[in-house]
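One letter stands for each residue in the lines below.
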Amino acid sequence: MQYDIIIIGAGPTGLSFARGIADTNLKIAIVEKQPESLLANPPYDGREIALTHLSKNIMKQLGMWKNIPTDQISLIKKAKVLNGESPYSLNFDHREAGEENLGFMMSNNTIRKAAYDSLKEFTNITLLAEKEVSKLGTDNEKGWIELNDGEYLEAPLIIAADSRFSATRRMMGISTSMLDFGRTCIVCTMDIEIDHQYTAYECFHFDRTLAMLPLNHNQVSVVITLQSEEIDSVLGLSQDKFAEDIERRIDGKFGKMKLTSKLFSYPLVATFAKTFQTNRFAIIGDAAVGMHPVTAHGFNLGLSGAHLLANEIKNALQTGGDFYSPTILKNYSDKHHKVSAPLYHGTNALVRLYTKTTPLAKLARFFLLRLGNKVGPAKRLIMNQLTEVKSA
């Protein structure tokens, strides 16, 4: 079967990219191993995503934002970063950014459903669900894939959005640096007794990291990162014992807390591809850059990268160029690399510092929080990276 573009992976980034080029009338195939019923109604997976202002604007342009019920959009107006047992915090306030809020919270499955729904009206997009890529290649004339059922597809351009452990990226020989933190992330939602006042907390304790992110209906999203060998001791807690532990670690700021979801766990592995493109092939989302969640850049970075590539393709079409040309793909790769590399390496450096327990690391953490509050330009830079207000 012949297509203009084949997209491998129907996660939120792959679907967002498809929506970005849907109005070009290119013939597009999306290959996804999950059944379509799960794409149409994705199950809750525990992940609540902090979206920047830039991401909101992109989602509005793509017709995704209008698909999200307002009661499923929570706001972040303030953020506090705490270190160890100290009550001192690095503080961020939406008024300093000149906006009504710092960012937006919504569940990952809500984003996935909004992206899927945004494609319904486009007849030039074909979803091939419950299919897996077994072979892939490109030459001077085309790209091609062979599916696990033997079906053969061709297109001038293939896009991979199939996770940070992308099998198709490997098939195309794109090398990737991988950083296994030896840690696991546990996520859940909890009811709280005391109003969160739209405030997000990032608590860097010496044995683990705890993030508390504000949600509607007097709830918070809880994100715990801990050594992987400790995970069973947490997952094995009763609901009451788990709630008591979180209450203690957040120093009773939310009063009594109650678990409202199951505990979901995810291994923490960061990845960064050497290049985001090769002949007639490009990678987006986690397949290009898989971020540690501590700075909440993951989906935001994937969405902006997909938006960048879609715009490069549309610009080529408008000027009569080949949308699959090496120049177009290299432009995308270079631009996205320039944005993502500092975020990736900076986040990993931050994680290393705030998971070390040496006296020197503790001292550095102590001074960094205070410098962040007192040095205006540094604080504004951090805030802009977190909110992307100026980029919106």
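Next up on the list: the side chain of D93. For D93, the location among the structural elements is in strand β6 (residues 89–93). With relative accessibility at 13%, the residue D93 sits in the buried group. At 2.8 Å, the side chain of D93 and the side chain of R95 are in polar contact.

This part covers the pattern of salt bridges. Opposite charge on two side chains makes pairing possible when the charged atoms of those side chains draw close. What the rule picks out here adds up to 15 salt bridges. Between D45 and R47 there is a salt bridge whose closest N-O contact spans 2.8 Å. Here E230 ties to R208 by a salt bridge, and the two come within 3.5 Å at their closest N and O atoms. With E230 in the loop between β16 (219–227) and α7 (231–235) and R208 in the loop between β14 (199–204) and β15 (209–215), the pair connects residues that are 22 residues apart, well separated along the chain. A residue is classified by how much of its surface remains accessible, and E230, at 25% relative accessible area, is partly exposed. The exposure class assigned to R208 is buried, which follows from its relative accessible area of 8%. When salt bridges that share partners are traced, they join R208, E230, D245, R248 and R249 into one network.

As a further point, take the nonpolar core. In terms of nonpolar packing, the biggest core is built from 97 residues, with I5, F17, M59 and I145 touching the most fellow members. For this core, the element with the most residues is helix α9 (residues 298–318), which contributes 7 residues. Apart from the residues within four sequence positions on either side, I5 is in contact with F17, I21, L26, K27, I28, A29, A155, L157, I159, I313 and F323. Counting 23 residues, the second largest nonpolar core, distinct from the first, contains C203, I231, A243 and L259.

A covalent bond between the sulfur atoms of two cysteines is what we call a disulfide. Tallied over the full model, the rule gives 0 disulfides. Of all cysteine sulfurs in the structure, the one in C188 sits closest to C185, which takes part in no disulfide; the separation is 9.9 Å. The class of C185 is buried, set by a relative accessible area of 6%. Assessed through its relative accessible area of 0%, C188 is described here as buried.

Glancing now at the pairing of strand β13 (residues 176–192). Bridge count for β13 against strand β18 (residues 264–273) is 10 bridges, and the pairing is antiparallel. Paired with I186 across the two strands is S265, which belongs to β18. In this structure, β13 lies alongside β16, joined through 9 bridges in antiparallel fashion. Within the sheet, the bridge partner assigned to M190 lies in β16 and is V220. In this structure, β13 lies alongside strand β17 (residues 257–259), joined through 3 bridges in antiparallel fashion. Bridge pairing links D191 to K258 in β17.

The 3 strands are arranged β3-β7-β4 in an open sheet whose pairing can be described as antiparallel. The two strands at the open ends of the sheet, each matched to only one other strand, are β3 (48–51) and β4 (74–76). For this sheet, the mean angle separating the axes of adjacent strands, direction not counted, is 30°. Against the sheet, helix α3 (residues 53–61) engages β3 and β7 (103–107), with an angle of about 60° to β7. Where helix α5 (residues 108–117) meets the sheet, it contacts β3 and β7, and its direction lies at approximately 85° from that of β7.

A few words on the sheet that holds strand β20 (residues 281–283). Here 6 strands make up an open sheet; going across it, the order is β8-β2-β1-β12-β20-β19 and the pairing mixed. Whereas interior strands pair on both sides, the edge strands pair on one side only; in this sheet they are β8 (125–129) and β19 (277–278). By the bridge criterion, 4 bridges tie strand β1 (residues 5–8) to strand β12 (residues 157–160) in an arrangement that is parallel. Bridging across to β12, I6 finds its partner in I158.

Now for the packing of aromatic side chains. Following the criterion strictly, the structure yields 8 aromatic pairs and no others. Note on Y201 and F254: the rings are 5.7 Å apart at their centroids and 85° apart in plane angle, and the pair reads as edge-to-face. Placement of Y201 in strand β14 and of F254 in the loop between α8 (239–249) and β17 is noted, with a sequence separation of 53 residues between them. You'll find Y201 and F254 in the same group, each marked buried. Here the aromatic rings of F272 and Y344 are separated by 5.0 Å at their centres, their planes lie at 40°, and the arrangement is tilted. Pair noted here: F272 is in strand β18 and Y344 is in helix α10 (residues 326–353), with a separation of 72 residues, a long-range link. Given the relative accessible area of 7%, F272 is considered buried. In this structure Y344 comes out as buried when scored by relative accessible area, which is 3%. In this structure an aromatic cluster arises from ring pairing among F272, F276, Y332 and Y344.

Here we come to the environment of P43. Along the chain, P43 turns up in the loop between α2 (36–40) and β3. For P43, a relative accessible area of 46% gives the class partly exposed. In sequence terms P43 and T110 are 67 residues apart; their C-alpha atoms lie 9.1 Å from each other. Sequence-distant contacts of P43, that is, excluding residues within four places in its chain, are made with L38 and N109.

How each quantity is defined
Residues numbered from 1 in each chain as written. Predicted model: local features only at pLDDT ≥ 70, side-chain atom pairs only at ≥ 80, totals over all residues. Heavy atoms only, no water. Helix = DSSP H or I, 4+ residues; strand = E, 2+ residues; numbered from the N terminus. Buried < 20%, exposed > 50% of the residue type's maximum accessible area, 1.4 Å probe, protein only. Polar contact = N/O pair within 3.5 Å; in protein donor to acceptor, adjacent residues only side chain to side chain. Salt bridge = Lys/Arg side-chain N within 4 Å of Asp/Glu carboxyl O. Core = buried A, V, L, I, M, F, W, Y, C linked by side-chain atoms within 4.5 Å. Contact = heavy atoms within 4.5 Å. Disulfide = S-S within 2.5 Å. Pairing = 2+ DSSP bridges. Axes fitted to C-alpha atoms, helices over the stretch in contact; angles between N-to-C directions. Phe/Tyr/Trp six-rings, centres within 6.5 Å; stacked < 30°, edge-to-face > 60°.

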